[in-house]
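# Reading the structure
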Amino acid sequence: MAKVEKNFSTMERSSTLFNILEVDGIPLPVLSKEMWNKISNFQARPDDLFLVTYPKSGTTWMQEILDMIKNDGDVEKCKRVNTLERYPFLEVKFPHKEKPDLEIALEMSSPRLIKTHLPSHLIPPSIWKENCKIIYVARNAKDCLVSFYHFHRMASLLPDPQNFEEFYEKFMSGKVLFGSWFDHVKGWWAAKDTHQILYLFYEDIKKNPKHEIHKVLEFLEKTLSDDIINRIVHHTSFDVMKYNPMANQTAVPSYILNHSISKFMRKGMPGDWKNHFTVTMNENFDKYYEKRMTGATLTFCTEI
Ligand code: PPS
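As recorded in an unreviewed UniProt entry, the chain goes by the name Sulfotransferase, listed as coming from Pan paniscus. Recorded in UniProt for the chain, the comment headed Subcellular location (unreviewed entry) runs: "Cytoplasm". UniProt, in its Sequence similarities (unreviewed entry) section for the chain, records the words "Belongs to the sulfotransferase 1 family."

Dropping the structure here:
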C-alpha cells in the first residue's frame, strides 16, 4: 500500500495551481489524500489503453499518433478538440475543468485511452489485474530535464523552477514532480517483462516515425494502409503539430500555460541539452547517470 506522507511544501510558488502531494516519497500533482485513494482504486477495464510517460517524454506526440490510429488517419476528427479534452490524465484535476480527469474517465465509454505519468509501483492495481495494454514512451534524461525546466517556467500549474542550475539539481535528486527519471524509466522497463507493455523511445520515433508507428499498430492488432500511415507521420510531425491549435496546447487558458514565456512545442529535437548544460554539469550528470543506471539493460541516445 503506497504511503501518503504529506503535502509537499518546499516546491511551492505562490501561483502554483496544482496541489502537490507526496506519495511514497514521490511528489504528485494530486488534489488530496481522498483523491489519491480514488486514483489507487481506479477501476480499469480490459480494453483500456494506458499511455505512460515520465513528463516531457513525448506524451502529447504519442497521444496524437494514437488518436490518428484510432480515427483511421482522419485529421479532422483528431482536430475535434484540444488534446487535454480528448483524453483524460488519470491523476490530475485541471483548474479550468469542472471535475477531475479521473471522474471524466469513469464516465467515458470504452475503449478508453488514458494518460498517466505515474511510476510503475504507484499505478492502480486494477490496470495489472485487467491486463490492460500499456504504451510507455521514454526520452533521454538530459533532454527530459531541459524540456521539464522550460515547462516549469511556462506552466503556472507547477512550482517555480528558479533557475536552470537549481532545477538540474532537483531533477538529478528526483525532487521533482513524479520523482526520479531514473526510477521511472527503470521501473517501467522491468514491468514490461511481466505485463503487456510496448516500450518505445522518443528518439526512435524521431529517427523513424513510420517504423515506430508500425510497432504501435502491431501492438494494438490493427492494420492501416501505407497511405494512412504516411498521413499519420505527416500530421504528427513536430512542424505540423506545432501549428495545430488542437495539439500544441495553445488552446489551454494562458493562466495555466503561458506560451509567451516558453512554447509547449518548443524544440522537439534530441540534443537541445547541449545548449543548456555546462561542461561541468555534463560531466557530473554522466557520472551520476552511470551510477544510477549500472546494471540496467536500458540504453538511450542523447542526439541523432
Ligand atoms: S507533458 O507535459 O509531460 O505531457 O509533455 P510531453 O508531451 O510528454 O512532452 C513535450 C515535449 O515533446 C515535444 N514534442 C514533440 N517532439 C517531436 N515531435 C513531435 N511531434 C512532438 N510533439 C511534442 C515537445 O516539443 C516537448 O519537447 P521540447 O524538448 O520541450 O521541445
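Resuming the write-up.
Further remarks concern the layout of surface pockets. By volume, the largest pocket is sized at about 350 Å³. Asp-47, Leu-49, Pro-111, Arg-112 and Leu-220 are the residues nearest the centre of the largest pocket, which is lined by 16 residues in total. Looking at the lining of the largest pocket, the element that brings in the most residues is helix α2 (residues 59-70), giving three residues. For the lining of the largest pocket, the residue count by class is eight nonpolar, two polar and six charged.

So, about the site of the ligand. Thr-59, Thr-60, Ser-147, Tyr-202 and Lys-267 are the nearest of the 23 residues found near the ligand. Interatomic distance of 2.9 Å between a backbone N/O atom of Lys-56 and an oxygen atom of the ligand. Relative to its free-state accessible area of 640 Å², the ligand is covered by the protein chains to the extent of 98%. Residue assignment for the shell around the ligand shows that the elements contributing at least two residues are α2, α7 (141-154), α10 (202-207) and α13 (238-241). It is α2 that provides the largest number of residues to the shell around the ligand, a total of three residues. Taken together, the residues of the shell around the ligand sort by class into eight nonpolar, nine polar and six charged.

So, about the packing of helix α9 (residues 181-191) against helix α14 (residues 279-293). Following both chains from N to C, one finds α9 and α14 inclined at 35 degrees, their axes separated by 11 Å at the closest point. At the point where α9 passes α14, the crossing takes the right-handed sense. Between α9 and α14, the contacting residues are Trp-181, Phe-182, Asp-183, Val-185 and Lys-186 on the first element and Phe-285, Tyr-288, Tyr-289, Arg-292 and Met-293 on the second. Here the residues of the contact of α9 with α14 are counted per class, giving seven nonpolar, no polar and three charged.

Taken together, four strands build an open sheet; the order of strands is β5-β4-β6-β7 and the sheet is parallel. This sheet does not close on itself; its edge strands, each paired only once, are β5 (113-116) and β7 (197-201). Geometrically, the sheet is characterised by an average inter-axis angle of 20 degrees between neighbouring strands, direction not taken into account. Here strand β4 (residues 49-53) pairs with β5 via four bridges, running parallel.

Thresholds applied
- The numbers attached to residues start from 1 for each chain and follow its sequence in the written order.
- Note on the predicted model: pLDDT of at least 70 is required for a residue's local features to be given, and 80 or more for side-chain atom pairs to be given and counted; whole-chain, interface and lining totals, by contrast, use all residues.
- Working from all heavy atoms in the structure, the side-chain values ignore hydrogens and water.
- UniProt positions are given in the numbering used here, feature names are shortened, and annotations may be inferred rather than shown by experiment.
- In this analysis, the protein atoms alone were mapped onto a 1 Å grid. Cavities are point sets where a 1.4 Å probe fits without being able to get out; pockets are open sets with protein on both sides within 12 Å along at least five of seven lines; lining residues have an atom within 4 Å of a point.
- Grid points are joined across faces, edges and corners, and a volume is the space filled by probe spheres set on the points.
- What counts as a helix is a DSSP run of H or I of at least four residues, what counts as a strand is a run of E of at least two, and both are numbered from the N terminus.
- Following the grouping adopted for this structure description, the nonpolar residues are Ala, Val, Leu, Ile, Met, Phe, Trp, Tyr, Cys and Pro, the charged ones are Asp, Glu, Lys and Arg, and the polar ones are all others, Gly among them.
- Near, as used in this document, describes a residue that has one of its heavy atoms within 4 Å of the molecule or strand being considered.
- N or O atoms closer than or at 3.5 Å make up a polar contact, with two conditions inside protein: a donor-capable atom paired with an acceptor-capable one, and, for residues adjacent in sequence, both atoms drawn from side chains.
- Note on areas: Shrake-Rupley, 1.4 Å probe, and residue coverage restricted to the protein chains presented here.
- Lines fitted to the C-alpha atoms define the axes, with helices restricted to the stretch that makes contact. Angles between their N-to-C directions range from 0 to 180 degrees.
- Should the near helix be turned anticlockwise from the far one by less than a right angle, the crossing is left-handed, and should it be turned clockwise, the crossing is right-handed.
- Throughout, a residue-residue contact means that at least one pair of heavy atoms, one from each residue, lies within 4.5 Å.
- One requirement defines pairing of two strands: DSSP has to find at least two bridges between them.

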